[in-house]
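Summary of structural features
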Amino acid sequence: MSPPLPLPGKGCRFWAAGRCLYEERLNPGLHTAFACAALQALADSFDAFVVRGESLGLSSEEAGRIWERRVDAALNIGLDCANFVPLPGEAGEVPCAHFLDGVCLLRMPLCPGRCRRFVLAGSDADTV
């Protein structure tokens, strides 16, 4: 007798594109491994800018003025990702088909189908 096949998780509120979002919905941002690599590179660039400004003794106002003038050059990283798939019309805050609420869907665990955490999408049940 073969084991039962998992059902699709498509109707679950934690399902997106074949991935399970439960851990991210439980504690958003806790798992840095789920973060979008391109956005993380941009955040790292900004952090490096802040550290340089602090080491030069710049005030917040001075650093802000410099940032405004040089933001394009400072963030000249672009969305450099091998898995980048552009959205039609570049809709959304990050125009990538794999981006959802700050995370990369490709970094999320695969959804095995119905599981003990299955919650019908659109239901009034608790989310976690």
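What this report covers is the structure whose coordinates are included nearby. For clarity, every value in this text was computed on a predicted model and none was experimentally measured. (Residues numbered from 1 in each chain as written. Predicted model: local features only at pLDDT ≥ 70, side-chain atom pairs only at ≥ 80, totals over all residues. Heavy atoms only, no water.)

The backbone of A17 sits at a positive phi, close to 50 degrees, despite the residue not being glycine. For A17, the position within the fold is in the loop between β1 (15-16) and β2 (19-20). Residue classification places A17 among the exposed positions, given a relative accessible area of 57%. For D101, which is not glycine, the phi torsion reads 50 degrees and is therefore positive. Locating D101 in the fold gives a position in the loop between β3 (99-100) and β4 (103-104). What makes D101 exposed here is its relative accessible area of 53%. (Helix = DSSP H or I, 4+ residues; strand = E, 2+ residues; numbered from the N terminus. Buried < 20%, exposed > 50% of the residue type's maximum accessible area, 1.4 Å probe, protein only.)

This structure, assessed with the given rule, holds one aromatic pair. Ring centres of F14 and Y22 lie 5.1 Å apart, and the angle between their planes is 85 degrees; this geometry places the pair in the edge-to-face category. Of the residues examined, Y22 reaches a relative accessible area of 12% and is grouped as buried. (Phe/Tyr/Trp six-rings, centres within 6.5 Å; stacked < 30°, edge-to-face > 60°.)

Scanning the entire structure with this criterion turns up one cavity of 30 Å³ or more. Space inside the largest cavity adds up to approximately 60 Å³. Every residue lining the largest cavity is listed: G9, C12, F14, W15, C20, C111, P112, G113, C115 and F118. The residue inventory of the lining of the largest cavity, partitioned by class, reads eight nonpolar, two polar and no charged. (1 Å grid on protein atoms, 1.4 Å probe; cavity = no way out; pocket = protein on both sides within 12 Å on 5 of 7 lines; lining within 4 Å. Points joined across faces, edges and corners; volume = space filled by probe spheres on them. Nonpolar A, V, L, I, M, F, W, Y, C, P; charged D, E, K, R; others polar.)

Here the focus is the pattern of salt bridges. Throughout the structure, instances matching the rule amount to one salt bridge. With a shortest N-O distance of 3.3 Å, R25 and D101 are connected by a salt bridge. Remark: D101 occurs in the loop between β3 and β4 and R25 occurs in helix α1 (residues 22-26); sequence separation between them is 76 residues. (Salt bridge = Lys/Arg side-chain N within 4 Å of Asp/Glu carboxyl O.)

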